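For reference, the chains in residue letters:
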Amino acid sequence: MVDYHAANNQSSAGGAQTYMEQENDWDRDLLLDPAWEKQQRKTFTAWCNSHLRKAGTQIENIDEDFRDGLKLMLLLEVISGERLPKPERGKMRVHKINNVNKALDFIASKGVKLVSIGAEEIVDGNSKMTLGMIWTIILRFAIQDISVEETSAKEGLLLWCQRKTAPYKNVNVQNFHISWKDGLAFNALIHRHRPDLIDYDSLRKDDPVTNLNNAFEVAEKHLDIPKMLDAEDIVGTLRPDEKAIMTYVSCFYHAFSGAQKAETATNRICKVLAVNQENEKMMEDYEKLASDLLEWIRRTIPWLEDRTQEKTMNQMQCKQEDFREYRREQKPPKVQDKCHLEISFNTLQTKLRLNNRPAFMPSEGRMISDINAAWHTLEGAEKGYEEWILSEIRRLERLEHLADKFRQKATIHEGWTEGKEAMLTQKDYETCSLSEVKALLRKHEAFESDLAAHQDRVEQIAAIAQELNELDYYDSASVNSRCQKICDQWDVLGSLTQSRKESLERTEKQLESIDELYLEYAKRAAPFNNWMEGAMEDLQDMFIVHNIDEIQGLITAHEQFKSTLPEADKEREAILAIQGEVQKIAESNGIKMSGDNNYTTITPKCINDKWGKVQELVPQRDAALQGELEKQNSNDSLRAKFATQANAVGGYIQVKMEEIGKISIEMNGTLEDQLTNLKEYQESIMSYMPEINTLEGYHQLIQEALIFDNQYTPYTMEHLRVGWEQLLTTIARTINEVENQILTRDAKGISQEQLFEYRASFNHFDKDHSGALQAEEFKACLISLGYDVENDKQGDAEFSRIMGIVDPNGVGAVTFQAFIDFMSRETTDTDTADQVIASFKVLAADKNYITADELRRELPPDQAEYCIARMAPYNGPDTVPGALDYMSFSTALYGESDL
């Protein structure tokens, strides 16, 4: 039964007076209803006997047995636990009145206002007044102290019944009369607390008598609640008596009050364990995501650091396309993973702080700083790989150009040397006349001049071959072989030329007649022919340029060349005129010419053919240069398009970064409004993504066009990518900060006005708008909030203590989140290890250990198994098999020992 003595000692006289003034307004006229009076008489009699039997007595007739006041005083002593004045034992009416008055005075001392109830009426056996007095006692000592969720007495008892019977079908408790008539509500109360006593599913709503008898018998037999009503009394009336039902139900409430305490303890433990399980899940998710991201970085970096050279441009461009695919497809999801990882880590740390848990420390190598360092290494490798690809493309382009140039010059030189060895080794001068020998000597001198003119081409071929070797050309072996063959042949030609010259000079002493005109022709034709061959070679020479200035330089040089053509044509006509003069003299003197000029192999036809070839190549060169000029103009247009878009994107990113900085400082409206505005702001930023994609398209076109510089903009694509990623990360972090403030507000019960006040105080002292308060700024803020941290010994010590809380790493600055955590910790309370230990002790029935069966009975299945798996065996005195140590487990939840 309930210890009313303890409950009554906690009540104040003023509170009791107020309550009884409200509840004492009972309708005594209703007692005239015989059915209700019968129910009240039976119920009140049973209730009184349930207490009087503790004193070894009882009453039979409620009207008669209280008339002398003795059992009335005894009843009040039993239910209050206090001693009343000594009763008078006389049999006279005055003695009885005095005893009843002592009882009524005691009731009044407990704050109960008795209306129209006098001792004489009780002594006279007035049934109406006697039942009213007993109901007043029941209200004061059995119902007044019932409290459920800030409601008390009748309302509290009704709320308790509604909460306990809510899960049961066909039960809807709205009052203390009709709602109890079918008996299901009584059975539901018993089944809720003692399911082993009632088979609730076997009960039928259409059999109220059976239901009521079942509940009353079980309560009397197993719960020590006497039977206060008969089922027929309740079923046989249209509306059962409310006071009788309330009296009966209050006995159930007090019988199960111990179970209520266990339920409260269970709820507290479930709450703590649910928080712990959620935090562990977040930790596991963080560890897995961090491991996956670091593993991806570990696999990607070797690929980005691979510098295996390719042999051709096509192979290198395939590598470049693979890198672009990595940038478009592989990296963006990992950027999102990295951002999500930082947000999850910050959210987890906030939840741990709010629930007085130790900070989460990721496993070695998986800290946010470790991930940032690995990401920085990845971006460095990425930048180096892109630069290497571009440099390799330039190198291969240069190699292909040099290789083509080498083959062209080598082919021209080999064509020139063809037959020269045979010419230099012939002995034709041995049978020639003097004039023919002189002609041969002059011809040889002309050859030497031509040979000297070709020396520059041979040196160019060797220089190109050397450069191809230095640039690691993949077909260097064939280039070197061909170059060596040319050089060896050139040495042989030099040796043979010298040998033939010596032979001709020996013969020259004997030969004198040389045709001066032929000689002059040969001397002028040879350099002119060499000039034409050089001109043809230059006109057919391939070129590579990267900007308009370079192509304009080539066009200018070509125009200068064309300006020399009239003078060259005059030289050609002069050389041909020499040959014409020879023919004129021969014809005028009747001389038979042997045919060819003995001094040179360059005939007028050869000169005219080469001159015609030069004339043909000039317009072709004009067209090639003009085409390249158009290409460079197109490239310049690409530069301008990219620059225009890049300047717009760069300015947009800079403006948005400044706006985000202002938003994070000002933060107007409620946190939910701020969060909504920030997410809308984030969506507006993401809507700018097509502009980024457009810029990426221009950048790809520029790379495909092999454009390596841009004088129209200071921005590079890499710079803008980094700025865009930083913008997205900054807005995500700002949103996460507001979400964490919402978590702090909801967990700590901080009002919106308090948050505004905290933000206003913080911003007022954040003079540089850096988002953090320096030590002196923070001290000034604390002083403004009423903290005694002035510059004295005691104030400095208090300030050092507070700084140790808000700046545990000794950075010297206090963030807004740390400021809110400190202020909420100062003004709110959270669960502690001692509270959890006390809750477990309730479930364990005051034992220092708890068993697995007790945990499974009191807690939900998943949380019961969670505790069983983590609790250590109990090694203390009076232990039993399977006992578990809930004290060390509770302490470990709050980081005070290892779990």
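Residues numbered from 1 in each chain as written. Predicted model: local features only at pLDDT ≥ 70, side-chain atom pairs only at ≥ 80, totals over all residues. Heavy atoms only, no water.

Thoughts on the overall build of the chain
Argument step 1. Each helix and strand in the chain was counted, giving 33 helices and six strands.
Argument step 2. Relative to its full complement of 899 residues, the chain shows a buried share of 45%.
Argument step 3. When the accessible surface of the chain is summed, it comes to about 44300 Å², and 50% of that surface belongs to carbon and sulfur atoms. (Helix = DSSP H or I, 4+ residues; strand = E, 2+ residues; numbered from the N terminus. Buried < 20%, exposed > 50% of the residue type's maximum accessible area, 1.4 Å probe, protein only. Areas by Shrake-Rupley, 256 points an atom, 1.4 Å probe, with all protein chains shown as cover.)

Focus on the side chain of His401
Argument step 1. By the element assignment, His401 lies in helix H15 (residues 368-417).
Argument step 2. Note on His401: relative accessible area 14%, which makes it buried.
Argument step 3. Residue contacts for His401: discarding those within four places in its chain leaves Met542, Phe543 and Ile544. (Contact = heavy atoms within 4.5 Å.)

A closer look at unusual backbone geometry
Argument step 1. Here the phi dihedral of Asp224 falls at roughly 60°; this positive angle occurs in a residue that is not glycine.
Argument step 2. The topology assignment puts Asp224 in the loop between helix H10 (208-222) and helix H11 (231-235).
Argument step 3. Phi angles above zero are rare outside glycine, and Asp846 is one such case at about 70°.
Argument step 4. Secondary-structure assignment places Asp846 in the loop between helix H30 (833-843) and helix H31 (852-858).

Focus: the environment of Leu629
Argument step 1. On the secondary structure map, Leu629 appears in helix H22 (residues 604-666).
Argument step 2. Considered as a pair, Leu629 and Asn547 are 82 residues apart in the sequence and their alpha carbons are 8.8 Å apart.
Argument step 3. Look past the residues within four positions of Leu629 in its chain and what remains in contact with it is Ile548, Ile551, Gln552 and Ile555.

Concerning the packing of aromatic side chains
Argument step 1. Evaluated as defined, the whole model comprises 31 aromatic pairs.
Argument step 2. On the numbers, 4.9 Å between centres and 65° between planes, the contact of Tyr168 with Tyr200 is edge-to-face. Linking Tyr168 in the loop between helix H8 (153-165) and helix H9 (184-193) with Tyr200 in the loop between H9 and H10, this pair joins segments that are 32 residues apart in sequence.
Argument step 3. By relative accessible area, Tyr200 is classed as buried at 6%. (Phe/Tyr/Trp six-rings, centres within 6.5 Å; stacked < 30°, edge-to-face > 60°.)

Focus on the layout of surface pockets
Argument step 1. The computed volume of the largest pocket comes to approximately 1200 Å³.
Argument step 2. Taken together, 36 residues make up the lining of the largest pocket; nearest its centre are Arg353, Val806, Thr815, Gln817 and Ala818.
Argument step 3. Where the lining of the largest pocket is concerned, the elements lending two or more residues are helix H14 (313-354), H22, helix H25 (717-748), helix H26 (752-765), helix H28 (793-806), strand S4 (813-815) and helix H29 (816-827).
Argument step 4. Tallied by class, the residues present in the lining of the largest pocket amount to 15 nonpolar, 13 polar and eight charged.
Argument step 5. Considering only enclosed or pocket space, the second largest pocket measures out at about 880 Å³ in volume.
Argument step 6. If you trace the second largest pocket, you find 40 residues lining it, with Arg327, Pro332, Met689, Glu696 and Glu725 closest to the centre.
Argument step 7. Those elements that place two or more of their residues in the lining of the second largest pocket are H14, H15, H22, helix H23 (671-686), helix H24 (689-704) and H25.
Argument step 8. Of all the elements, H14 adds the most residues to the lining of the second largest pocket, at 12 residues. (1 Å grid on protein atoms, 1.4 Å probe; cavity = no way out; pocket = protein on both sides within 12 Å on 5 of 7 lines; lining within 4 Å. Points joined across faces, edges and corners; volume = space filled by probe spheres on them. Nonpolar A, V, L, I, M, F, W, Y, C, P; charged D, E, K, R; others polar.)

Regarding the pattern of salt bridges
A side chain with one charge may pair with a side chain of the opposite charge, provided their charged atoms come close.
Argument step 1. Tallying each qualifying case throughout the model produces 59 salt bridges.
Argument step 2. Between Arg857 and Glu858 there is a salt bridge whose closest N-O contact spans 3.5 Å.
Argument step 3. With relative accessibility at 23%, the residue Glu858 sits in the partly exposed group.
Argument step 4. Via salt bridges that share partners, Arg327, Lys331, Glu379, Glu382, Glu386, Glu696, Glu718, Arg721 and Glu725 belong to a single interconnected network. (Salt bridge = Lys/Arg side-chain N within 4 Å of Asp/Glu carboxyl O.)

Brief notes about empty space enclosed by the protein
Where empty space is left can be seen by rolling a probe of water-molecule size over the atoms.
Argument step 1. For the structure shown, the criterion picks out two cavities of 30 Å³ or more.
Argument step 2. Here the second largest cavity is characterised by a volume of approximately 60 Å³.
Argument step 3. If you trace the second largest cavity, you find it lined by Met423, Leu424, Gln426, Leu440, Lys443, His444, Phe447 and Arg500.
Argument step 4. Breaking the lining of the second largest cavity down by element, the ones donating at least two residues are helix H16 (420-425) and helix H17 (434-470).
Argument step 5. The greatest single-element share of the lining of the second largest cavity, amounting to four residues, is contributed by H17.

So, the confidence of the model for the chain
Argument step 1. When the pLDDT values of the chain are averaged, the result is 81; 90% of them are 70 or greater.
Argument step 2. Contacts for the low-pLDDT stretch residues 1-32, under 50 throughout, to residues beyond four places or in other chains number 65 contacts. (pLDDT = per-residue confidence, 0-100.)

A look at the side chain of His444
Argument step 1. The residue His444 is located in helix H17 in this model.
Argument step 2. Engagement of the side chain of His444 in a polar contact is seen with the backbone nitrogen of Lys501, the distance being 3.3 Å.
Argument step 3. Filtering out sequence-adjacent residues up to four positions away, His444 remains in contact with Leu424, Thr497, Arg500, Lys501 and Leu504. (Polar contact = N/O pair within 3.5 Å; in protein donor to acceptor, adjacent residues only side chain to side chain.)

Topic: the nonpolar core
Argument step 1. Trp47, Ile137, Trp180 and Phe186 are the most contacted members of the largest nonpolar core, which totals 79 residues.
Argument step 2. It is helix H7 (residues 127-143) that contributes the most residues to this core, 11 residues altogether.
Argument step 3. Setting aside residues up to four positions removed in sequence, Trp47 forms contacts with Leu75, Ile79, Ile137, Ile138, Ala142, Met228, Thr247 and Cys251. (Core = buried A, V, L, I, M, F, W, Y, C linked by side-chain atoms within 4.5 Å.)

Some thoughts on the environment of Phe708
Argument step 1. Looking at the element boundaries, Phe708 is found in the loop between H24 and H25.
Argument step 2. Given the relative accessible area of 29%, Phe708 is considered partly exposed.
Argument step 3. Apart from residues lying up to four places away in sequence, Phe708 is in contact with Leu390, Arg394 and His546.

Examining the packing of H9 against helix H12 (residues 242-255)
Argument step 1. Following both chains from N to C, one finds H9 and H12 inclined at 10°, their axes separated by 11 Å at the closest point. Comparing the axis directions of H9 and H12 gives the class roughly parallel. Taking contact as the criterion, the partners of Phe186, Leu189 and Ile190 in H9 are, on H12, Ile245, Tyr248, Val249 and Phe252.
Argument step 2. Across the contact of H9 with H12, the residue classes tally to seven nonpolar, no polar and no charged. (Axes fitted to C-alpha atoms, helices over the stretch in contact; angles between N-to-C directions. Parallel < 35°, antiparallel > 145°, perpendicular 65-115°, else oblique.)

A short note on the environment of Cys161
Argument step 1. In this structure, Cys161 sits in helix H8.
Argument step 2. For the pair formed by Cys161 and Val249, sequence separation is 88 residues and the distance between their alpha carbons is 8.6 Å.
Argument step 3. In this structure Cys161 touches Val173, Phe176, Trp180, Leu189 and Val249, once residues within four positions along its chain are discounted.

A short note on H8
Argument step 1. Compared with an ideal rise of 1.5 Å per residue, which puts 13 residues at 18 Å, H8 spans 18 Å between its outermost C-alpha atoms and is within 8% of the ideal.
Argument step 2. Residues Ala153, Gly156, Leu157, Leu158, Leu159, Trp160, Cys161, Lys164 and Thr165 constitute the buried set of H8. (Expected span 1.5 Å × (residues − 1).)

Brief notes about the packing of helix H4 (residues 70-80) against H7
Argument step 1. It is the contact of H4 with H7, at a shortest axis distance of 11 Å, that shows an interaxial angle of 10°. One finds that H4 runs roughly parallel with respect to H7. Across the interface between the two elements, Leu72, Leu76, Ile79 and Ser80 from H4 touch Met133, Ile137 and Phe141 from H7.

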